[in-house]
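# Structure at a glance
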Amino acid sequence: MDLVCIPILRPRLPDTDALIPYLRRIDAARTYSNMGPLACELAAALQERFAAIAVPVANATLGLAAALLAQAPRPGHLCMVPSWTFAASGHAIRAAGLEPWLVDVDPDSGALTPDRADRALRHAPGPVAAVMPVAPFGAAPDAAGWDDFARRSGRAVVVDAAASFDSLRAAAVPQVVSLHATKVLGAGEGGFVLCGDPDLARRVGAACNFGFAGSRSASLRALNAKMSEYHAAIALAALAAWPRTRDAHADLLSRLKQALPDWAWPTGLGDAHVTNTLVARFPMGADRAEAHLTRHGIETRRWWGMGLHRQPAFADCPRQDLPNTERLAGLSLGLPCHLDLGADDIRRLADSVAGV
Ligand SMILES: Cc1ncc(COP(=O)(O)O)c(C=O)c1O
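Heads up: these notes are all about the structure in this document. (Residues numbered from 1 in each chain as written. Predicted model: local features only at pLDDT ≥ 70, side-chain atom pairs only at ≥ 80, totals over all residues. Heavy atoms only, no water.)

## Examining the overall build of the protein chain
- Along the protein chain, the regular secondary structure elements total twelve helices and ten strands.
- Once the C-alpha set of the protein chain is aligned to its principal axes, its extents read approximately 65 × 55 × 35 Å.
- Relative to its full complement of 356 residues, the protein chain shows a buried share of 51%.
- Excluding contacts between residues fewer than 6 apart, the proportion of contacts in the protein chain whose partners are at least 24 apart in sequence is 72%.
- Carbon and sulfur atoms form 52% of the exposed surface of the protein chain, whose accessible area is close to 15,500 Å².
- Distance from the positive charge centre (35 side chains) to the negative charge centre (35 side chains) of the protein chain: 4 Å. (Helix = DSSP H or I, 4+ residues; strand = E, 2+ residues; numbered from the N terminus. Buried < 20%, exposed > 50% of the residue type's maximum accessible area, 1.4 Å probe, protein only. Contact = heavy atoms within 4.5 Å. Areas by Shrake-Rupley, 256 points an atom, 1.4 Å probe, with all protein chains shown as cover. Lys, Arg positive; Asp, Glu negative; His and termini not counted. Charge placed at Lys NZ, Arg CZ, Asp CG, Glu CD.)

Here you go:
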(Lines give C-alpha, C1' and ligand atoms only; values in the text may rest on other atoms or scores of the structure.)
Protein backbone atom coordinates (compact mmCIF):
# COMPACT_ATOMS: atom_id res chain seq x y z
CA MET A 1 0.00 0.00 0.00
CA ASP A 2 1.30 3.47 -0.92
CA LEU A 3 1.93 5.67 2.10
CA VAL A 4 0.07 8.98 2.20
CA CYS A 5 2.78 11.63 2.36
CA ILE A 6 2.90 13.83 5.47
CA PRO A 7 3.59 17.31 4.08
CA ILE A 8 6.17 19.57 5.68
CA LEU A 9 3.64 22.41 5.98
CA ARG A 10 -0.10 22.99 5.68
CA PRO A 11 -0.50 26.76 6.01
CA ARG A 12 -3.85 27.97 7.31
CA LEU A 13 -4.76 31.60 7.05
CA PRO A 14 -8.00 33.24 8.30
CA ASP A 15 -10.92 32.01 6.19
CA THR A 16 -13.32 34.12 4.12
CA ASP A 17 -15.85 34.56 6.94
CA ALA A 18 -13.18 35.94 9.23
CA LEU A 19 -12.00 38.36 6.54
CA ILE A 20 -15.36 39.78 5.48
CA PRO A 21 -15.74 42.42 8.23
CA TYR A 22 -12.29 43.78 7.37
CA LEU A 23 -12.94 43.70 3.61
CA ARG A 24 -16.18 45.63 4.13
CA ARG A 25 -14.21 48.29 5.95
CA ILE A 26 -11.87 48.55 2.94
CA ASP A 27 -14.90 48.87 0.62
CA ALA A 28 -16.24 51.70 2.79
CA ALA A 29 -12.97 53.56 3.24
CA ARG A 30 -11.77 53.12 -0.37
CA THR A 31 -8.21 53.37 0.79
CA TYR A 32 -6.20 50.44 -0.45
CA SER A 33 -2.63 51.16 0.63
CA ASN A 34 -0.36 53.99 1.88
CA MET A 35 -0.83 53.24 5.60
CA GLY A 36 -4.61 53.19 5.39
CA PRO A 37 -6.90 52.57 8.39
CA LEU A 38 -6.26 48.82 8.59
CA ALA A 39 -2.47 49.10 8.32
CA CYS A 40 -2.62 51.79 11.06
CA GLU A 41 -4.80 49.53 13.21
CA LEU A 42 -2.32 46.69 12.73
CA ALA A 43 0.58 48.98 13.68
CA ALA A 44 -1.31 50.06 16.82
CA ALA A 45 -2.14 46.46 17.80
CA LEU A 46 1.50 45.40 17.37
CA GLN A 47 2.70 48.45 19.29
CA GLU A 48 0.42 47.49 22.17
CA ARG A 49 1.62 43.89 22.10
CA PHE A 50 5.35 44.66 21.97
CA ALA A 51 5.58 48.15 23.54
CA ALA A 52 7.62 49.44 20.60
CA ILE A 53 6.77 51.08 17.29
CA ALA A 54 5.75 48.67 14.51
CA VAL A 55 5.94 49.52 10.81
CA PRO A 56 3.88 47.09 8.67
CA VAL A 57 5.71 46.06 5.48
CA ALA A 58 4.95 44.19 2.25
CA ASN A 59 7.29 41.36 3.26
CA ALA A 60 10.21 40.83 5.62
CA THR A 61 12.82 40.94 2.84
CA LEU A 62 11.83 44.52 2.00
CA GLY A 63 11.49 45.32 5.71
CA LEU A 64 15.10 44.23 6.29
CA ALA A 65 16.34 46.34 3.38
CA ALA A 66 14.31 49.38 4.50
CA ALA A 67 15.57 49.05 8.10
CA LEU A 68 19.15 49.12 6.78
CA LEU A 69 18.47 52.07 4.43
CA ALA A 70 16.91 54.00 7.32
CA GLN A 71 20.32 53.95 9.02
CA ALA A 72 22.00 55.43 5.93
CA PRO A 73 24.89 52.99 5.61
CA ARG A 74 27.60 53.87 3.07
CA PRO A 75 26.82 52.15 -0.26
CA GLY A 76 29.36 49.44 -1.04
CA HIS A 77 30.37 48.85 2.58
CA LEU A 78 30.00 45.45 4.23
CA CYS A 79 27.10 44.11 6.27
CA MET A 80 28.10 41.25 8.57
CA VAL A 81 25.55 38.42 8.36
CA PRO A 82 25.66 34.78 9.40
CA SER A 83 26.00 32.43 6.45
CA TRP A 84 23.53 30.18 8.34
CA THR A 85 20.36 31.97 7.23
CA PHE A 86 17.76 32.10 4.48
CA ALA A 87 18.63 33.71 1.14
CA ALA A 88 16.36 36.69 1.94
CA SER A 89 18.88 38.11 4.46
CA GLY A 90 21.59 38.33 1.79
CA HIS A 91 19.24 39.72 -0.87
CA ALA A 92 17.99 42.41 1.53
CA ILE A 93 21.56 43.49 2.29
CA ARG A 94 22.29 43.89 -1.42
CA ALA A 95 18.98 45.72 -1.97
CA ALA A 96 20.21 48.25 0.61
CA GLY A 97 23.41 48.79 -1.40
CA LEU A 98 25.70 46.79 0.92
CA GLU A 99 27.73 43.63 0.40
CA PRO A 100 27.12 40.60 2.66
CA TRP A 101 30.16 39.54 4.72
CA LEU A 102 29.43 35.96 5.73
CA VAL A 103 30.43 34.97 9.25
CA ASP A 104 30.09 31.85 11.38
CA VAL A 105 27.55 31.16 14.13
CA ASP A 106 27.48 29.76 17.64
CA PRO A 107 27.59 25.95 17.34
CA ASP A 108 24.71 25.38 19.77
CA SER A 109 22.20 28.18 19.10
CA GLY A 110 23.05 28.45 15.39
CA ALA A 111 22.97 32.25 15.77
CA LEU A 112 25.50 35.06 15.44
CA THR A 113 26.04 36.44 18.97
CA PRO A 114 27.16 39.98 19.93
CA ASP A 115 30.44 38.50 21.26
CA ARG A 116 31.15 36.76 17.99
CA ALA A 117 30.32 39.94 16.10
CA ASP A 118 32.79 41.89 18.30
CA ARG A 119 35.53 39.36 17.61
CA ALA A 120 34.76 39.20 13.88
CA LEU A 121 34.98 43.01 13.57
CA ARG A 122 38.68 42.84 14.52
CA HIS A 123 39.39 40.88 11.34
CA ALA A 124 36.96 42.53 8.92
CA PRO A 125 38.02 42.36 5.26
CA GLY A 126 36.80 45.95 4.68
CA PRO A 127 34.68 48.74 6.22
CA VAL A 128 31.67 47.29 8.04
CA ALA A 129 28.64 49.58 8.05
CA ALA A 130 26.06 47.19 9.47
CA VAL A 131 25.36 43.87 11.15
CA MET A 132 22.35 41.65 10.50
CA PRO A 133 21.99 38.95 13.18
CA VAL A 134 19.42 36.23 12.46
CA ALA A 135 17.19 34.47 15.00
CA PRO A 136 17.05 30.86 13.80
CA PHE A 137 13.66 29.22 13.29
CA GLY A 138 11.61 31.26 15.77
CA ALA A 139 14.18 31.59 18.57
CA ALA A 140 14.15 34.78 20.64
CA PRO A 141 16.59 37.42 19.37
CA ASP A 142 19.02 38.77 21.98
CA ALA A 143 17.33 42.19 22.16
CA ALA A 144 19.45 43.66 24.99
CA GLY A 145 22.67 42.18 23.59
CA TRP A 146 22.18 43.73 20.15
CA ASP A 147 21.13 47.11 21.57
CA ASP A 148 24.34 47.09 23.57
CA PHE A 149 26.41 46.01 20.56
CA ALA A 150 24.89 48.78 18.39
CA ARG A 151 25.74 51.40 21.04
CA ARG A 152 29.33 50.33 21.60
CA SER A 153 30.22 49.46 17.98
CA GLY A 154 28.51 52.43 16.30
CA ARG A 155 27.32 50.01 13.57
CA ALA A 156 23.79 49.88 12.18
CA VAL A 157 22.07 46.72 13.43
CA VAL A 158 18.99 45.12 11.88
CA VAL A 159 17.81 41.83 13.38
CA ASP A 160 16.29 39.27 11.02
CA ALA A 161 13.61 37.80 13.29
CA ALA A 162 11.52 36.48 10.39
CA ALA A 163 10.06 33.49 12.28
CA SER A 164 10.13 34.96 15.80
CA PHE A 165 6.66 36.51 16.13
CA ASP A 166 5.98 34.68 19.40
CA SER A 167 9.40 35.10 21.02
CA LEU A 168 10.06 38.73 20.03
CA ARG A 169 10.71 41.36 22.74
CA ALA A 170 11.16 45.09 22.21
CA ALA A 171 14.61 46.49 21.40
CA ALA A 172 15.87 49.87 20.23
CA VAL A 173 17.41 48.28 17.11
CA PRO A 174 14.97 47.32 14.32
CA GLN A 175 13.81 43.69 14.37
CA VAL A 176 12.01 42.36 11.31
CA VAL A 177 9.27 39.70 11.43
CA SER A 178 7.73 37.92 8.42
CA LEU A 179 3.99 37.34 8.09
CA HIS A 180 4.43 35.03 5.09
CA ALA A 181 1.85 32.25 4.81
CA THR A 182 4.45 29.75 6.04
CA LYS A 183 4.95 31.60 9.33
CA VAL A 184 3.17 30.90 12.60
CA LEU A 185 1.15 34.13 12.16
CA GLY A 186 0.51 34.44 8.43
CA ALA A 187 -1.00 37.11 6.18
CA GLY A 188 -0.05 35.56 2.83
CA GLU A 189 2.73 38.07 2.28
CA GLY A 190 3.63 40.72 4.82
CA GLY A 191 5.74 41.57 7.82
CA PHE A 192 6.61 44.33 10.24
CA VAL A 193 9.64 46.16 11.55
CA LEU A 194 9.61 46.58 15.33
CA CYS A 195 11.75 49.45 16.57
CA GLY A 196 12.02 50.97 20.03
CA ASP A 197 13.76 54.14 18.83
CA PRO A 198 11.03 56.57 17.64
CA ASP A 199 13.35 58.61 15.36
CA LEU A 200 14.72 55.50 13.70
CA ALA A 201 11.19 54.04 13.41
CA ARG A 202 10.11 57.20 11.57
CA ARG A 203 13.03 56.79 9.16
CA VAL A 204 12.12 53.11 8.65
CA GLY A 205 8.59 54.28 7.75
CA ALA A 206 10.06 56.75 5.25
CA ALA A 207 12.43 54.10 3.83
CA CYS A 208 9.33 51.95 3.16
CA ASN A 209 7.56 54.83 1.40
CA PHE A 210 9.88 56.28 -1.25
CA GLY A 211 11.80 58.25 1.38
CA PHE A 212 8.80 60.49 2.06
CA ALA A 213 8.57 61.81 5.61
CA GLY A 214 5.75 64.32 5.79
CA SER A 215 6.24 65.69 2.27
CA ARG A 216 6.55 64.36 -1.27
CA SER A 217 10.27 64.96 -1.31
CA ALA A 218 12.47 61.86 -0.97
CA SER A 219 14.57 62.39 2.14
CA LEU A 220 16.65 59.18 1.95
CA ARG A 221 17.45 56.19 -0.28
CA ALA A 222 14.29 54.15 -0.08
CA LEU A 223 11.92 51.51 -1.44
CA ASN A 224 8.23 50.92 -1.77
CA ALA A 225 7.77 48.36 1.01
CA LYS A 226 4.30 49.36 2.18
CA MET A 227 1.74 46.77 3.25
CA SER A 228 -1.56 46.91 1.35
CA GLU A 229 -4.88 47.22 3.17
CA TYR A 230 -5.83 43.72 1.97
CA HIS A 231 -2.80 42.18 3.63
CA ALA A 232 -3.41 44.25 6.74
CA ALA A 233 -6.95 42.79 6.79
CA ILE A 234 -5.57 39.24 6.82
CA ALA A 235 -2.97 40.13 9.44
CA LEU A 236 -5.64 41.70 11.70
CA ALA A 237 -7.90 38.66 11.38
CA ALA A 238 -4.93 36.37 12.15
CA LEU A 239 -4.02 38.51 15.16
CA ALA A 240 -7.61 38.36 16.46
CA ALA A 241 -7.40 34.55 16.35
CA TRP A 242 -3.83 34.43 17.74
CA PRO A 243 -4.64 33.34 21.35
CA ARG A 244 -6.41 30.24 19.97
CA THR A 245 -3.80 29.65 17.26
CA ARG A 246 -1.02 29.92 19.83
CA ASP A 247 -2.69 27.41 22.17
CA ALA A 248 -3.05 24.98 19.27
CA HIS A 249 0.65 25.33 18.35
CA ALA A 250 1.72 24.95 22.00
CA ASP A 251 -0.36 21.78 22.28
CA LEU A 252 1.08 20.40 19.01
CA LEU A 253 4.64 21.12 20.15
CA SER A 254 4.10 19.37 23.46
CA ARG A 255 2.68 16.28 21.68
CA LEU A 256 5.61 16.28 19.24
CA LYS A 257 8.11 16.69 22.08
CA GLN A 258 6.65 13.69 23.91
CA ALA A 259 6.71 11.53 20.79
CA LEU A 260 10.06 12.38 19.19
CA PRO A 261 13.37 11.02 20.53
CA ASP A 262 15.06 13.48 22.94
CA TRP A 263 18.10 13.97 20.69
CA ALA A 264 15.86 15.27 17.87
CA TRP A 265 14.29 18.05 19.92
CA PRO A 266 15.76 21.57 19.44
CA THR A 267 16.90 23.12 22.76
CA GLY A 268 14.31 25.45 24.26
CA LEU A 269 11.66 24.88 21.60
CA GLY A 270 8.12 24.94 22.95
CA ASP A 271 9.13 25.87 26.51
CA ALA A 272 8.77 29.63 26.16
CA HIS A 273 7.66 30.25 22.59
CA VAL A 274 5.86 28.56 19.73
CA THR A 275 6.93 28.21 16.11
CA ASN A 276 5.92 26.03 13.18
CA THR A 277 9.49 25.48 12.02
CA LEU A 278 10.84 22.33 13.68
CA VAL A 279 14.46 21.71 12.71
CA ALA A 280 16.09 18.59 14.11
CA ARG A 281 19.84 17.89 14.08
CA PHE A 282 20.51 14.35 12.93
CA PRO A 283 23.84 13.02 14.28
CA MET A 284 24.05 10.61 11.33
CA GLY A 285 23.66 13.52 8.87
CA ALA A 286 20.71 15.25 7.21
CA ASP A 287 21.32 13.43 3.90
CA ARG A 288 20.73 10.01 5.40
CA ALA A 289 17.81 11.25 7.46
CA GLU A 290 16.21 12.91 4.44
CA ALA A 291 16.50 9.76 2.32
CA HIS A 292 15.06 7.59 5.13
CA LEU A 293 12.16 9.93 5.89
CA THR A 294 11.33 10.33 2.19
CA ARG A 295 11.11 6.54 1.90
CA HIS A 296 8.65 6.62 4.81
CA GLY A 297 6.45 9.24 3.15
CA ILE A 298 7.56 12.17 5.30
CA GLU A 299 8.35 15.42 3.57
CA THR A 300 11.35 17.30 4.96
CA ARG A 301 13.00 20.57 4.06
CA ARG A 302 16.43 22.14 4.32
CA TRP A 303 14.99 25.53 5.13
CA TRP A 304 18.32 27.35 4.71
CA GLY A 305 19.95 25.07 2.14
CA MET A 306 23.63 24.61 2.94
CA GLY A 307 24.13 28.22 4.05
CA LEU A 308 24.49 31.37 1.94
CA HIS A 309 28.13 30.68 0.98
CA ARG A 310 27.08 27.50 -0.89
CA GLN A 311 24.50 29.34 -3.03
CA PRO A 312 25.65 30.75 -6.39
CA ALA A 313 24.25 34.26 -5.74
CA PHE A 314 26.45 34.62 -2.63
CA ALA A 315 29.45 32.46 -3.55
CA ASP A 316 31.55 35.58 -4.26
CA CYS A 317 30.81 37.29 -0.91
CA PRO A 318 33.76 37.77 1.46
CA ARG A 319 33.58 35.26 4.28
CA GLN A 320 35.19 33.85 7.40
CA ASP A 321 35.97 30.18 7.85
CA LEU A 322 32.56 28.66 8.52
CA PRO A 323 33.05 25.33 10.36
CA ASN A 324 29.95 25.65 12.57
CA THR A 325 27.76 26.65 9.62
CA GLU A 326 29.06 23.69 7.60
CA ARG A 327 28.36 21.33 10.50
CA LEU A 328 24.85 22.69 11.13
CA ALA A 329 24.00 22.60 7.43
CA GLY A 330 25.11 18.96 7.32
CA LEU A 331 22.96 17.93 10.31
CA SER A 332 19.83 20.10 10.17
CA LEU A 333 16.58 19.01 8.60
CA GLY A 334 13.13 20.60 8.86
CA LEU A 335 10.34 18.22 9.91
CA PRO A 336 6.54 18.54 9.54
CA CYS A 337 5.11 20.77 12.29
CA HIS A 338 1.62 21.99 11.43
CA LEU A 339 -1.84 21.93 12.92
CA ASP A 340 -3.13 19.24 10.55
CA LEU A 341 -0.88 16.60 12.14
CA GLY A 342 -3.08 14.01 13.87
CA ALA A 343 -2.06 11.43 16.46
CA ASP A 344 -1.31 8.84 13.74
CA ASP A 345 0.86 11.29 11.81
CA ILE A 346 2.84 12.18 14.94
CA ARG A 347 3.39 8.50 15.75
CA ARG A 348 4.52 7.79 12.18
CA LEU A 349 6.83 10.81 12.21
CA ALA A 350 8.34 9.83 15.57
CA ASP A 351 8.85 6.17 14.55
CA SER A 352 10.47 7.21 11.29
CA VAL A 353 12.79 9.71 13.00
CA ALA A 354 13.76 7.10 15.59
CA GLY A 355 14.39 4.63 12.75
CA VAL A 356 16.90 6.85 10.96
C1 LIG B 1 15.54 34.05 8.12
C2 LIG B 1 14.56 34.65 7.14
N3 LIG B 1 14.73 35.92 6.76
C4 LIG B 1 13.87 36.52 5.90
C5 LIG B 1 12.81 35.84 5.36
C6 LIG B 1 11.96 36.50 4.35
O7 LIG B 1 10.64 36.73 4.73
P8 LIG B 1 9.58 37.20 3.64
O9 LIG B 1 9.15 35.98 2.90
O10 LIG B 1 8.46 37.80 4.45
O11 LIG B 1 10.23 38.21 2.76
C12 LIG B 1 12.60 34.50 5.72
C13 LIG B 1 11.47 33.76 5.15
O14 LIG B 1 11.18 32.64 5.45
C15 LIG B 1 13.50 33.90 6.63
O16 LIG B 1 13.37 32.61 7.00
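## Here we look at the packing of aromatic side chains
- A full pass over the atoms with the stated rule returns eleven aromatic pairs.
- Ring geometry for Trp263 and Phe282: centres 5.5 Å apart, planes at 70°, overall edge-to-face. Taken together, the residues span a long stretch of sequence, with Trp263 in the loop between α9 (242-259) and β9 (278-281) and Phe282 in the loop between β9 and α10 (286-295) at a distance of 19 residues.
- With a relative accessible area of 0%, Phe282 lands in the buried category.
- Of the aromatic side chains, those joined through ring pairs into one cluster are Phe50, Phe165, Phe192 and Trp242. (Phe/Tyr/Trp six-rings, centres within 6.5 Å; stacked < 30°, edge-to-face > 60°.)

## Details of the state of the cysteines
- Going through the model one piece at a time under the given rule, you end up with zero disulfides.
- The thiol of Cys317 is not disulfide-bonded; the next cysteine sulfur, from Cys79, is found 11 Å away.
- By relative accessible area, which is 5% here, Cys317 ends up buried.
- Note on Cys337: no disulfide assigned, nearest cysteine sulfur contributed by Cys5 at a separation of 16 Å. (Disulfide = S-S within 2.5 Å.)

## Quick notes on the nonpolar core
- With 73 residues, the main nonpolar core has Met80, Trp146, Phe165, Phe192, Leu256 and Phe282 as its most contacted residues.
- Met80 has contacts with Trp101, Val103, Leu112, Ala117, Ala120, Leu121, Val128, Ala130, Val131 and Met132, leaving out every residue within four places of it along the chain.
- Counting 44 residues, the second-largest nonpolar core is a separate cluster that includes Ala65, Leu98, Val193 and Trp304. (Core = buried A, V, L, I, M, F, W, Y, C linked by side-chain atoms within 4.5 Å.)

## Side note on the site of the ligand
- Contacts to the ligand come from 13 residues, most closely from Ala60, Thr61, Asp160, Ser178 and Lys183.
- Separating an oxygen atom of the ligand from a backbone N or O atom of Ala60 is a distance of 2.9 Å.
- The separation between an oxygen atom of the ligand and a polar side-chain atom of Ser178 is 2.7 Å.
- Taking 390 Å² as the accessible area of the ligand by itself, protein coverage stands at 87%.
- Of the residues contributing to the shell around the ligand, the split by class is six nonpolar, five polar and two charged. (Near = heavy atom within 4 Å. Polar contact = N/O pair within 3.5 Å; in protein donor to acceptor, adjacent residues only side chain to side chain. Nonpolar A, V, L, I, M, F, W, Y, C, P; charged D, E, K, R; others polar.)

## Here we look at helix α12 (residues 343-355)
- Its 13 residues give α12 an end-to-end C-alpha distance of 18 Å, which sits within 8% of 18 Å, the value for a rise of 1.5 Å per residue.
- Listing the buried residues of α12 in full gives Ile346, Leu349, Ala350, Ser352 and Val353. Projected onto a plane normal to the axis of α12, the buried residues spread over an arc of 165° and lie on a single side. Along α12, exposed side chains directed more than 90 degrees from the buried face belong to Asp344, Asp351 and Ala354. (Expected span 1.5 Å × (residues − 1). Arc of directions from axis to C-beta.)

## Let's talk about helix α4 (residues 87-95)
- Along α4, the residues classified as buried are Ala87, Ala88, Ser89, Gly90, Ala92 and Ile93.
- Tucked inside the fold, the buried residues of α4 contact α3 (60-69), β2 (78-82), β3 (99-103) and β6 (159-160).

## Some thoughts on unusual backbone geometry
- Of note in this structure, Asn34 is not a glycine but carries a positive phi near 55°.
- Looking at the secondary structure, you find Asn34 in the loop between α1 (16-29) and α2 (37-50).
- According to the relative accessible area criterion, Asn34 is exposed, its value standing at 54%.
- Positive phi is not limited to glycine here, since Ala72 has a value of about 45°.
- Tracing the chain through its elements places Ala72 in the loop between α3 and β2.

## Remarks on the pairing of strand β4 (residues 128-131)
- Pairing analysis gives three bridges linking β2 to β4, with the strands arranged parallel. Bridged to Leu78 within β4 is Val128.
- Two elements, β4 and strand β5 (residues 156-157), share two bridges in a ladder whose sense is parallel. From the neighbouring strand, Val131 faces β5, where its bridge partner is Val157.
- What joins β4 to β5 is helix α6 (residues 143-153), and the crossover it makes is right-handed. (Pairing = 2+ DSSP bridges. Right-handed = clockwise from strand over helix to strand, strands pointing away.)

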